[in-house]
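Topology and contacts: notes
Here is what each chain is made of, one letter per residue.
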Amino acid sequence: MSQNLSPNPTYDVIILGASGFTGKCVIREALKFLNVPSSPLKNLAIAGRNTSKLSQALQWASRPNLPPHIPILTADTTDPSSLRYLASQTKIILNCVGPFRLYAEPVVEACADSGCDYLDICGEPEFMERMEVMYHEKAVEMGSLIVSACGFDSVPAELGLMFNSRQWLPPAVPNRVEAYISLESDKRIVVNFGTYESAVLGVANMGKLQELRRSRRRRRRPVIPGTSPKGAMVNHLKEVGLWGVTLPSADATVVRRTLSCLAEDPRGLPGVNESAEQVKRREAFWSSIKPAHFGMKIASKSLLGVVRFIIVGKIIGLFSKSGVGRWLLLNFPSVFSLGFFRKKGPTEDEVASATFKMWFVGQGFSDGSLVSQGNRKPDVQIITRVMGPEIGNLTTPIILVQCALILLKERDSLPRGGVFPPGIVFGPTDLQDRLQQNGISFDVISKKTV
Ligand SMILES: NC(=O)c1ccc[n+]([C@@H]2O[C@H](COP(=O)([O-])OP(=O)(O)OC[C@H]3O[C@@H](n4cnc5c(N)ncnc54)[C@H](OP(=O)(O)O)[C@@H]3O)[C@@H](O)[C@H]2O)c1
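Residues numbered from 1 in each chain as written. Predicted model: local features only at pLDDT ≥ 70, side-chain atom pairs only at ≥ 80, totals over all residues.

A separate point is the sheet that holds strand β6 (residues 145–147). In spatial order, the strands read β3-β2-β1-β4-β5-β6-β15; together these 7 strands make up an open sheet with parallel pairing. Two strands close off the open sheet at either side, each with one partner strand: β3 (72–74) and β15 (418–420). Looking at each pair of strands side by side, their axes are set apart by 20° on average, direction ignored. With 4 bridges joining them, strand β1 (residues 11–16) and strand β2 (residues 44–48) adopt parallel strand pairing. Its bridge partner being in β2, I14 is matched across the sheet by A45. In the packing of helix α1 (residues 21–31) onto the sheet, contacts are made with β1, β2 and β4 (90–95), and the angle to β1 comes to roughly 155°. On the sheet, helix α16 (residues 391–410) packs against β1, β4, β5 (117–120) and β6 and is oriented at approximately 165° with respect to β4. (Pairing = 2+ DSSP bridges. Helix = DSSP H or I, 4+ residues; strand = E, 2+ residues; numbered from the N terminus. Axes fitted to C-alpha atoms, helices over the stretch in contact; angles between N-to-C directions. Contact = placed C-beta atoms within 7 Å.)

Our next topic: the site of the ligand. Close to the ligand lie 30 residues, the nearest being G20, T22, G98, G151 and G194. Taken together, the elements giving at least two residues each to the shell around the ligand come down to α1, α4 (100–103), α8 (193–204) and α16. Grouping the amino acids of the shell around the ligand by side-chain chemistry returns 8 nonpolar, 18 polar and 4 charged. (Near = placed C-beta within 6 Å. Nonpolar A, V, L, I, M, F, W, Y, C, P; charged D, E, K, R; others polar.)

In the contact formed by α1 and helix α2 (residues 51–62), the axes pass within 8 Å of each other and the chain directions differ by 50°. The orientation of α1 relative to α2 falls into the category oblique. Where α1 crosses over α2, the two elements pack in a sense that is right-handed. Here G23, K24, I27, R28 and L31 of α1 lie close against α2, whose contacting residues are A57, L58, W60, A61 and S62. Partitioned by chemical class, the residues of the contact of α1 with α2 number 6 nonpolar, 2 polar and 2 charged. (Parallel < 35°, antiparallel > 145°, perpendicular 65-115°, else oblique. Left-handed = near helix turned anticlockwise from the far one by under 90°.)

Here we come to unusual backbone geometry. Note the cis peptide between G98 and P99, where omega equals -5°. Within the fold, P99 resides in the loop between β4 and α4. That bond from D153 to S154 is cis: its omega, 10°, falls within 30 degrees of zero. Structurally, the position occupied by S154 is in the loop between β6 and α7 (155–165). Positive phi, close to 60°, is recorded for N35, a residue that is not glycine. Mapped onto the fold, N35 is located in the loop between α1 and β2. One non-glycine residue, L338, adopts positive backbone phi at about 50°.

On to the sheet that holds strand β16 (residues 441–449), then. Note: strands within a sheet are paired through backbone hydrogen bonds, in either parallel or antiparallel orientation. Judged by pairing direction, the sheet is mixed, and its 7 strands sit side by side in the order β9-β10-β11-β7-β13-β14-β16 without closing on themselves. The open sheet is flanked by β9 (234–237) and β16, the only strands paired with a single partner. Averaged over all adjacent pairs, the angle separating strand axes in this sheet is 25°, with direction ignored. Sheet topology note: the strand β7 (residues 173–184)/strand β13 (residues 355–365) ladder contains 11 bridges and is antiparallel.

Bringing the pairing of strand β14 (residues 380–389) into the picture now. Side-chain positions along a regular strand alternate between the two faces of the sheet. With 10 bridges joining them, β13 and β14 adopt antiparallel strand pairing. Each bridged residue has a counterpart across the sheet, and for F356 the counterpart in β14 is G388. With 8 bridges connecting them, β14 and β16 associate as antiparallel partners. Within β16, the position partnered with I382 by the bridge is K447.

To continue, consider the packing of helix α5 (residues 105–114) against helix α6 (residues 125–142). Where α5 contacts α6, the axes come no closer than 7 Å and their chain directions differ by 25°. Classified by the interaxial angle, the pair formed by α5 and α6 is roughly parallel. Here V108, E109, A112, D113 and S114 of α5 lie close against α6, whose contacting residues are M131, Y135, K138, A139 and M142. Taken together, the residues that form the contact of α5 with α6 break down as 6 nonpolar, 1 polar and 3 charged.

Looking now at the nonpolar core. Ranked by size, the top nonpolar core spans 117 residues in total, and within it I15, L16, I93, L94 and I146 carry the most contacts. Ignoring sequence-local partners within four residues, the contact set of I146 consists of V108, C111, A112, Y118, M131, Y135, A139 and V419. Counting residues in each nonpolar core, the second largest holds 11 residues, with V191, Y196, A204 and F341 among its members. (Core = buried A, V, L, I, M, F, W, Y, C linked by C-beta atoms within 7 Å. Buried ≥ 20, exposed ≤ 12 C-beta atoms within 10 Å, placed from the backbone.)

In structure tokens:
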């Protein structure tokens, strides 16, 4: 494991923020793998600022069984010594305390300083990019692997793009991939308040992200065959009967960071202590990934559904600019989001009946070598799909826990340390297989000449 931890930390994993909506679902998911013979997860602890809420969360997560004997640790993100203690006791912290821009920097700092690994479920680009600027060097030095966005934001987008990319067999190459997210349910679709709060603060602080990007060194850009696409904000995807509108989620920025890492290191990131076989596998994997322009859309079966998304987006964009507006948004989430977000989150029935489908529509060229000859238009379309259960309470915990299990099992084949997006770290691992075994599927839908 990491280089500067004690050789045998007490815990494999500590779940921080385990009393939250998502945190308690992460406990439930982790318990499925605790002390199972083939699982590397042998010692688990949960942490947060309120021990009685943590104990209730553990009881909820263990149902219908009695809660197992799992240590409950007190830690508050406003108390750095409590975070340093956590980081000294474990191989990995799974951070579920958000909004990340408000609370998570001290946790990253404690992990980077101690060499403990850190995974989170952040979907906030400004936080992720700021952590990279501030803690990458330290994390490399101390052997701490810091990977944000290990949830629905942004692993389906990262692995889904790679899955689509691998369907382009030479000499075919993609030029662009557009992902359409469709949330489905026979009940009402409701998303957790924590995600809404993070989105409101993200929009309010958009200027800080631009400032950060202007102030830092430009990353290398991938070389993509063909010209940049100029897509419409709203469009109809007739192949799957969906309308889509551009979604300014973190996914596209996270995917771009992975593609930039790949442009800088085309063979991927070397592991701490890889075998020759593992090096070969990693290099073969990355040589099969062809960069493409990437964008996200939120989709609906009806144009009216898309109009609803646009109205909510406009309301959040407008109101989050002022203090009063943010107060209104955060105090009356259901009103201002037309029912998408609710303070109490979705009910258990609503969670159970919700699913997501993410359609990846790739457009490209049947022969990459001919692209430079004149102004050729894409002549091939490949559609793939990632599909799974409800996004915040089911898919996100599945992804986070599988990423943690990979760290526990294969730490030697992963980078020694640094702050990275999930795709560049987990792309060449068996994460996609693991997600498939846990209810998240990857399918090829169609390949055709257009
Ligand atoms: N990537 C994704 O797709 C995805 C999916 C789901 C959620 N998320 C993100 O995850 C975050 C949490 O969402 P949620 O719905 O679970 O929110 P939540 O229910 O409000 O939970 C927040 C958790 O953070 C804890 N906390 C707050 N301040 C703290 C502090 N100073 N020190 C220690 N713990 C503190 C809370 O503890 P108390 O119980 O003591 O208040 C609670 O356990 C949000 O940022 C959300 O955007 C991302």
